[in-house]
Amino acid sequence: MKTIHALAKRLQAGEVTSAALTEQYLARIAELNPALNAYLTVAGDLAMADARTADDRLRRRADLTPLTGVPIAIKDVIVTKGIRTTCGSKILADYLPPYDATVIARLRAAGAVILGKCNMDEFAMGSSNEHSAFGPVKNPWDTSRIPGGSSGGPAAAVAADCCAAALGSDTGGSIRQPASHCGIVGCKPTYGRVSRYGLVAFASSLDQIGPMTKDVRDAALLLEAIAGFDPNDSTALNVPVPSYQTELERGVRGLKIGVPKEYFVGGLDPEVAACIRSAIDTMKALGAEVSDISLPHTEYAVPCYYIIAPAEASANLARYDGVRFGLRAGNGAVSLKAMYGATRTDGFGPEVTLRILLGTYVLSSGYYDAYYRKAQQVRTLIKQDFLTAFNAVDAILTPTAPTTAFRFGEKTADPLQMYLSDIYTISCNLAGLPGVSIPCGFVNRLPVGLQLIGRPLDEATLLRIAYAYEQATPWHTQQPEAGISQPS
Amino acid sequence: MAITAEDIRYIAELARLHLAPEEAARYAEHAGRIVEYVAQLNRLATASVEPTAHAVEAAGFSREDLPRPSDAAAAILANAPARDGDLFTVPKVLG
Amino acid sequence: MKPYEPVIGLEVHAQLLTQTKIFCECPTAFGAPPNNQICPVCTGQPGALPVLNRTAVEYAIRAGLALNCRIAATSVFARKNYFYPDLPKGYQISQYDRPLCQEG
C-alpha cells in the first residue's frame, strides 16, 4: 500500500524519485479522475516543480521529513497561492488566492508535493458531495454511490490511490463521514489544534483541518506536520504538539473505552451495528476495558448544529459580493444592490442559499435569543455530557455514520434526511473534541467506519487505540477494484 | 413555527439574494421544516446554562503593533472583477 | 402638547495612532496611494483571519480611563452584518454587549 511512511522509506532509500512518483500519480489521476471527479484542479506543472525541489533535498539529504517528496492532495476549501481554490462553488470558480494557508506553508516547508485540489460540497455544506457546483464525486467502491461529504473528493482520491494522503476539513463530520464511506482513516483534531488560517470559513467555531490517510500511522505523521500554534490564527492553541507517531505502539491494555447507548438506537443500520459490536470485541481482546456510558443530550446535537452552523455561515459568506474577487454577475447592473443580488443569487447553489437564509433568519432581529442563544446553551450541555463521560473513560467508541454509502439522489429531496447522515459526528465539533474514523469492516462490499472520540487535545490516545485496532484487523489493507490498475 | 414565503423574501433581501416566487415558496417550505425540527431544543430548560460560543476557550492571542507590509497587493488586485488602476470599481451606490 | 425631553447621543470616532491596522500587520502610513497598504486579512480574502493589535486595546483602555469608564476584564467582539463596498467581509468586527469601556 502506498502510504506516506512506505513512500518516504523508498524515497529516502533512493529507490524512487519524487519526480517519478509524482508523474505516476499524475498519470493515475488522468486515468481515473474522469470517472471519479475527485479532483477539481490538477496542478501538474507546479507539482513536478515541487517534486524536483524535493528530489534535490533528498539527494542532499538535507532537512528530510517523512513528507519530503510525497504527493498530497488538498480539499479545495484550503487556499493555495497561485492554485485555483473554488470551495466547490461557482462564485469562486476562477479565484486565485494571493496567499497560502498555514497548513499549506507547513506542508511545503516539509517538502510535500501538492498534486491538486479536491472536489467537495459547496463551501463544505453537505454529506454526499451532491452539492458541488462541479458535479458529484463518485465512491471508488461503487460509483453509483456517494463518497460522503463534504470532503468526498479527498476521501475518494485517497481510497483510489490518486494521492498518498490528503487534507480535509471537518465542521460537522466532513472528514470522518467520507473517510468512513470510502474505507480510509480520517481525523478531526481538537478545535484549535490546527491553524485555520487559510481554511475558507464555513462555521468558524466548528471548522477544523485534519488528515485523510490510508492508515493510522500516516494520520499521526500528517497531523504532526500541520498541528501547532500559529500567530495568524488567534484560536490556534499555544500548546506543545506531542510526537503522535512514537505514541502509536503503546497498545490499549488498561485503557477505558466508553460506548454511548444513545448512538445505538433509531436509524442505525443493523449490519453497521454488527460491525461496531465486533470491533468492540476486538478492543476487549486487545486488553481495553469497555463499558457502557450515556451522553444524554445526544439527540439535540443535530438541531443545535443546524442553528449554529448556518448562523455563522451566513456571516462568513457575506464577503462573496462581487466586489474584490470571485464572480460578479449582473454586469451593467444599474445599482450596487442589483449587482450584489445578481452575483450572490447566480453564484451560490441551492443548499448554500438555504443555509444563508436559515442563518440570517435565526440571527435576525427578535429571534437571536430564541434560536442562537438557545443553541449555544444546548452546546454547553452537550459539551458537559462529554466532559462528564471522560471522568470515567479515556475514549468513546461509536459508529461514524448510521449507514454505508447511499446512492446518488437518495437524500437530495429532503435536506433533513441528509443532515441526519452526520448524527454521530456533529457532537464532536460542538464540543470541540478530537475524533477519528477508521475502517472496521464491510457490508455488501461497502466500507464501514468506527469513530473514536477523545478528550480535548488527546489525539495521541485516539491514534494509539486506532493503531492497535488497525494492526489487529485486515480492513485498512483492502482497496477498491473499480477497474483500477495499480501504479508500479 | 411556520416560515412564509414572505418571511423568506424579507430574509433574502437582508442576505442580498434574489428569489423567484416559486423559489421563495420552496425555500420557505425547507427552512420551515428545519426551523420546526430545531425547535425541539425548547424541550430543554436552559435558563441557568451559560452559552458556549467556542468549545475551547483560547486565551485570545493578540499581536504587537509592528508593521509587516504584505507582498500580496498585486495578487489581490488581480482578482478584482472590475478595476480602475489600483481601485476596485462598483456600480452606483445610490439610486 | 406634551413637552418632549431631548435625549441626544453622540457617536464620536477617533483614529488611534497605532503603527498598524487593528486586525492585521499592514502599516497605516498617511498619504500612501490607494490599495497599497493591503493584505489578505484587511481585504477579506477567503480563509484569512483577524489577529488583534494589542496596542489598539491599550490605547482604547487609556481613552476609557480618561473618560472615567469602567474597563471590562473580559470583552467580546461581535459581527455587525451589512453589505457595503468598503466593508470587505460583509460585517464589521465591532463590540456590542460586552465592550471594553462603559459607563464613562
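Structure shown above.
Here we summarise the structure given alongside this text. Counting from 1, residues in each chain are numbered in the order their sequence is written. Note on labels: chains are lettered from A, ligands numbered from 1, in written order. Side-chain atom pairs in this predicted model are given and counted only at pLDDT of 80 or more, local residue features only at pLDDT of at least 70, and totals for whole chains, interfaces and linings cover all residues.

Thoughts on the overall build of chain A
(1) Moving on: Broken down by element type, chain A carries 16 helices and 11 strands.
(2) Moving on: What you see for chain A is a C-alpha radius of gyration of 21 Å, in line with the 23 Å of a compact globule of 488 residues.
(3) Moving on: If one aligns the C-alpha atoms of chain A with their principal axes, the spans along those axes are about 65 × 55 × 45 Å.
(4) Moving on: To sort residues by exposure, count the other C-beta atoms lying within 10 Å of each residue's C-beta; 20 or more gives buried, 12 or fewer gives exposed, and values between give partly exposed, all with C-beta atoms placed from the backbone. Within chain A, the proportion of its 488 residues that are buried is 65%.
(5) Moving on: We call two residues in contact if the C-beta atoms placed from their backbones are at most 7 Å apart. In chain A, of all internal contacts separated by at least 6 residues, the share reaching a separation of at least 24 is 76%. Each helix corresponds to a stretch of at least 4 residues labelled H or I by DSSP, and each strand to a stretch of at least 2 residues labelled E; elements are numbered beginning at the N terminus. Only C-alpha atoms enter the radius of gyration, while the globule expectation follows 2.2 Å times N to the 0.38, with N the number of residues.

Let's talk about the interface of chain B and chain C
(1) Moving on: In this assembly, 19 residues from chain B lie in contact with 23 residues from chain C.
(2) Moving on: Residue assignment for the side of chain B that touches chain C shows that the elements contributing at least two residues are β1 (62-63) and α3 (73-78) of chain B.
(3) Moving on: Residues are grouped as follows: Ala, Val, Leu, Ile, Met, Phe, Trp, Tyr, Cys and Pro are nonpolar; Asp, Glu, Lys and Arg are charged; all remaining types, including Gly, are polar. Partitioning the side of chain B that touches chain C into residue classes produces 11 nonpolar, 2 polar and 6 charged.
(4) Moving on: One requirement defines pairing of two strands: DSSP has to find at least two bridges between them. Inspection of the sheet shows β1 of chain B paired to strand β1 (residues 52-53) of chain C by 2 bridges, in the parallel sense. If you follow Ser-62 of chain B over to β1 of chain C, its bridge partner there is Leu-52 of chain C.

Some details on the environment of Leu-115 of chain A
All names here are of chain A.
(1) Moving on: Tracing the chain through its elements places Leu-115 in strand β3 (residues 113-118).
(2) Moving on: Leu-115 sits in the buried class, given 29 other C-beta atoms within 10 Å.
(3) Moving on: Remark: the alpha-carbon pair of Leu-115 and Gly-186, spanning 71 residues in sequence, is separated by 19 Å.
(4) Moving on: Leave out the neighbours within four places in its chain, and Leu-115 touches Tyr-25, Ile-29, Val-42, Ala-43, Ala-47, Pro-71, Ile-72, Ala-73 and Cys-163.

Regarding the interface of chain B and chain A
(1) Moving on: Taken together, the contact between chain B and chain A spans 44 residues of the former and 57 residues of the latter.
(2) Moving on: Counting residues per element, the side of chain B that touches chain A draws most heavily on helix α2 (residues 21-38) of chain B, which supplies 7 residues.
(3) Moving on: Tallied by class, residues from the side of chain B that touches chain A come to 30 nonpolar, 9 polar and 5 charged.

Observations regarding the sheet that holds strand β8 (residues 289-293) of chain A
All names here are of chain A.
(1) Moving on: Spatially, the 11 strands line up as an open sheet ordered β1-β3-β2-β4-β6-β5-β10-β11-β9-β7-β8, and their pairing is mixed. With partners counted over all chains shown, the strands left at the sheet margins are β1 (39-42) and β8, one partner each. Adjacent strand axes in the sheet meet at a mean angle of 30°, parallel and antiparallel pairs treated alike.
(2) Moving on: Here 5 bridges tie strand β4 (residues 165-170) to strand β6 (residues 208-213), and the two strands are oriented antiparallel to one another. Within β6, the residue paired with Ala-166 across the bridge is Met-212.
(3) Moving on: To obtain each axis, a line is fitted to C-alpha atoms, and for helices this fit is confined to the stretch in contact; angles are then taken between N-to-C directions over 0 to 180 degrees. The sheet strands contacting helix α5 (residues 152-159) are β1, β2 (71-75), β3, β4 and β6, and the helix crosses β4 at an angle near 155°.

Thoughts on unusual backbone geometry
Residues and elements named next belong to chain A.
(1) Moving on: Cis peptide bonds are those with omega within 30 degrees of zero, and the linkage from Gly-149 to Ser-150 qualifies with 5°.
(2) Moving on: One can find Ser-150 in the loop between β3 and α5.
(3) Moving on: Located in the positive-phi region is Asp-63, a residue other than glycine, with phi close to 60°.
(4) Moving on: Mapped onto the fold, Asp-63 is located in the loop between α3 (44-60) and β2.
(5) Moving on: The class of Asp-63 is exposed, set by 10 C-beta atoms lying within 10 Å.
(6) Moving on: The residue Cys-87 is not glycine, and still its phi comes out positive at about 55°.
(7) Moving on: By the element assignment, Cys-87 lies in the loop between β2 and α4 (102-110).
(8) Moving on: Note on Cys-87: 33 C-beta atoms within 10 Å, which makes it buried.

A word on helix α1 (residues 4-12) of chain A
Residues and elements named next belong to chain A.
(1) Moving on: Taken residue by residue, α1 has Ile-4, Leu-7, Ala-8 and Leu-11 as its buried positions. Each buried residue of α1 lies within a common arc of 105° when the element is viewed along its axis, so the set occupies one face.
(2) Moving on: Of the surrounding elements, those touching the buried residues of α1 are α2 (18-36), α3, β4 and α7 (216-226). Along the arc lie the directions from the helix axis toward the C-beta atoms.

Topic: the pairing of β2 of chain A
Residues and elements named next belong to chain A.
(1) Moving on: Buried residues dominate β2, accounting for 5 of its 5 residues.
(2) Moving on: Here β2 shows two buried faces, one formed by Pro-71, Ala-73 and Lys-75 and the other by Ile-72 and Ile-74.
(3) Moving on: The β-α-β motif built from β2, the intervening α4 and the parallel element β3 has right-handed crossover chirality.
(4) Moving on: Pairing of β2 with β4, which is carried by 3 bridges, proceeds in the parallel orientation. Note that in β4 the partner of Ile-74 across the bridge is Leu-167. Look down the strands so they point away from you; if the path from the first strand over the helix to the second goes clockwise, the crossover is right-handed.

Thoughts on the pairing of β3 of chain A
All names here are of chain A.
(1) Moving on: With 6 of 6 residues buried, β3 is to be regarded as a mostly interior element.
(2) Moving on: Two strands pair when backbone bridges link them, and β1 and β3 are joined in this way by 3 bridges, in the antiparallel orientation. Residue Val-42 lies in a different strand from β3, and its bridge partner there is Gly-116.
(3) Moving on: Note: β2 against β3, 5 bridges, orientation parallel. Across the sheet, Lys-75 pairs through a bridge with Cys-118, a residue of β3.

It is worth stressing that arrangement in space is one thing and function is another; only the former is reported here.
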